[in-house]
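An overview of the molecular structure
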Amino acid sequence: AAPTPPSTSLRQHMIAGSVAGMVEHTVMIPLDSVKTHVQASGGPSSLRVFRDLIRLRGPLFLWRGTGVTLLAVVPSHAAMFSAYEGVLLAGGRSEAVGARVAAVGFAAGAVSTLFHDLVMVPAETIKQRLQLGYYRDARHAARRMLGSGGGSLFRSLPTTLAMSVPYSSLMMASNESIRQGLNPEGEFSLPTFLAAGVVSGAAAAAATTPLDVVKTRLQIQGMRRAKTSTGELHSAPIKFKVRYRGFLDVVKHIYKTEGVGGFMRGMGPRMVQMGPSCALSWCAYESAKHMLKT
């Protein structure tokens, strides 16, 4: 069993978690933008979407929505990593071996996700609509959505939790197991955090892609890339209507119009995004926690 690491306080976990979230989302948001467009369009490949966005909107367009994401990332990741550490402590990770390591990581992933998604879902909804080119900025988007009742901000929450809980549970369970296999002494090791993060993040992303597609469709409600010709670029969508009321509406529509393959749309960019994203997040988190302890 790994030795018990030096204890860290709740404040240190919150600071380290916030740092991890900001690093992860700032670096990886271009891939997230491509994934959003692929899942919304139902057509072009990831590479074609990337080229079109650069050609038509310029490289900085790929970072659209970063501001609102970072505002939500600080409290959501602070809460998530604090809950994660709390569950690991309660589950006795330092004495755990084998299957128990995975089980404790699985439980930590499930609990921490609840804290994370309650804050992030409204921000994710605004971010994805900004990524498609709508609204001037996050404030404009929030004002228009709240003006119509605000239901759009949380409509995807049940589906997001249905996706995020298994994603985070699988990711953290495999992450803990891989870490113990590569570094049984539990010492600070960036190569270990990188390897475990890439493998666990990409695998969990692939397994939960169908639910991510449903979540994206709920958040964007049939919106496609905003066009200059319609006057929608950087403006509110014209004739917007709620297309999907819930999970089953989206599932039926995707299956009817795109078949089973529609549920796997965007899996490539999602894996490419989430593998390095997890690696960056864990490295930033563990590095920040290590510096705060010394």
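In short, a report on the structure. (Residues numbered from 1 in each chain as written. Predicted model: local features only at pLDDT ≥ 70, side-chain atom pairs only at ≥ 80, totals over all residues. Heavy atoms only, no water.)

**Examining the packing of aromatic side chains**
- Throughout the structure, instances matching the rule amount to six aromatic pairs.
- Positioned over the ring face of tyrosine 167 is arginine 270, at 5.5 Å from the centre of the ring. (Phe/Tyr/Trp six-rings, centres within 6.5 Å; stacked < 30°, edge-to-face > 60°. Lys NZ or Arg CZ within 6 Å of the ring centre and 35° of its normal.)

**Section: the pattern of salt bridges**
- Overall, the coordinates contain 14 salt bridges when judged by the stated rule.
- Of the charged contacts in the structure, one is a salt bridge between lysine 289 and glutamate 85, with a shortest N-O distance of 2.8 Å. Here lysine 289 is found in helix 11 (residues 267–293), whereas its partner glutamate 85 is found in helix 3 (residues 66–91), with 204 residues between them in sequence.
- With its nearest N and O atoms 3.4 Å apart, the salt bridge here joins lysine 215 to aspartate 212. Of this pair, lysine 215 and aspartate 212 both sit in helix 9 (residues 209–220), three residues apart, roughly one helical turn. Accessibility assignment for this pair places lysine 215 and aspartate 212 in one class, buried.
- Connected through shared salt-bridge partners, Asp32, Lys35, Glu124, Lys127, Asp212, Lys215 and Arg270 make up one network. (Salt bridge = Lys/Arg side-chain N within 4 Å of Asp/Glu carboxyl O. Helix = DSSP H or I, 4+ residues; strand = E, 2+ residues; numbered from the N terminus. Buried < 20%, exposed > 50% of the residue type's maximum accessible area, 1.4 Å probe, protein only.)

**Regarding the layout of surface pockets**
- Here the second largest pocket is characterised by a volume of approximately 290 Å³.
- Lining the second largest pocket are 16 residues, with His37, Arg224, Arg225, Ala226 and Lys227 positioned closest to its centre.
- Those elements that provide at least two residues to the lining of the second largest pocket are helix 1 (10–41) and helix 2 (46–57).
- The leading source of residues in the lining of the second largest pocket is helix 2, at four residues.
- In terms of residue class, the lining of the second largest pocket is made up of seven nonpolar, three polar and six charged. (1 Å grid on protein atoms, 1.4 Å probe; cavity = no way out; pocket = protein on both sides within 12 Å on 5 of 7 lines; lining within 4 Å. Points joined across faces, edges and corners; volume = space filled by probe spheres on them. Nonpolar A, V, L, I, M, F, W, Y, C, P; charged D, E, K, R; others polar.)

**Points about the nonpolar core**
- Residues Phe81, Tyr84, Tyr167, Met171, Trp282 and Tyr285 are the most contacted members of the largest nonpolar core, which totals 20 residues.
- Of all the secondary-structure elements, those providing two or more residues to this core are helix 1, helix 3, helix 4 (99–131), helix 7 (157–182), helix 8 (190–207) and helix 11. (Core = buried A, V, L, I, M, F, W, Y, C linked by side-chain atoms within 4.5 Å.)

**Re the packing of helix 7 against helix 11**
- Across the interface, helix 7 lies against helix 11 with an axial gap of 13 Å and an inter-helix angle of 60 degrees. As summarised for this structure, helix 7 and helix 11 are arranged oblique, according to the angle between their axes. Every pair of crossing elements has a handedness; the one defined by helix 7 and helix 11 is right-handed. Within the contact between the two elements, helix 7 uses Met163, Tyr167, Met171, Met172, Asn175 and Arg179 and helix 11 uses Arg270, Met274, Cys278, Trp282 and Glu286. (Axes fitted to C-alpha atoms, helices over the stretch in contact; angles between N-to-C directions. Parallel < 35°, antiparallel > 145°, perpendicular 65-115°, else oblique. Left-handed = near helix turned anticlockwise from the far one by under 90°. Contact = heavy atoms within 4.5 Å.)

**Quick word on empty space enclosed by the protein**
- The final tally for this structure, using the stated rule, is one cavity of 30 Å³ or more.
- Counted as a void, the largest cavity has a volume near 600 Å³.
- Looking at the largest cavity, it is lined by 34 residues, and the ones nearest its centre are Glu24, His25, His116, Tyr167 and Met274.
- Within the residue set of the lining of the largest cavity, elements represented by two or more residues are helix 1, helix 3, helix 4, helix 7, helix 9 and helix 11.
- When the residues that make up the lining of the largest cavity are grouped by side-chain class, the tally is 13 nonpolar, 12 polar and nine charged.

**Regarding the side chain of glutamine 273**
- Note on placement: glutamine 273 falls in helix 11.
- Residue contacts for glutamine 273: discarding those within four places in its chain leaves Met28, Leu31, Asp32 and Lys35.

**Remarks on the packing of helix 7 against helix 8**
- Closest axis-to-axis distance for the helix 7/helix 8 pair is 8 Å, and the angle between their directions is 150 degrees. As the angle between them shows, helix 7 and helix 8 are arranged roughly antiparallel. Of the two elements, helix 7 crosses helix 8, and the hand of that crossing is right-handed. Contacts between helix 7 and helix 8 involve Tyr167, Leu170, Met171, Ser174, Asn175, Ile178, Arg179 and Leu182 from the first element and Thr192, Phe193, Ala195, Ala196, Gly197, Val199, Ser200, Gly201, Ala204, Ala205 and Ala207 from the second.
- Grouping the constituent residues of the contact of helix 7 with helix 8 by class yields 12 nonpolar, six polar and one charged.

**Describing the environment of alanine 162**
- For alanine 162, the location among the structural elements is in helix 7.
- Taking relative accessible area as the criterion, alanine 162 reaches 38% and is therefore assigned partly exposed.
- Alanine 162 sits 81 residues away from arginine 243 along the chain, and the two C-alpha atoms are 20 Å apart.

Function-wise, these values are silent; they only describe arrangement.
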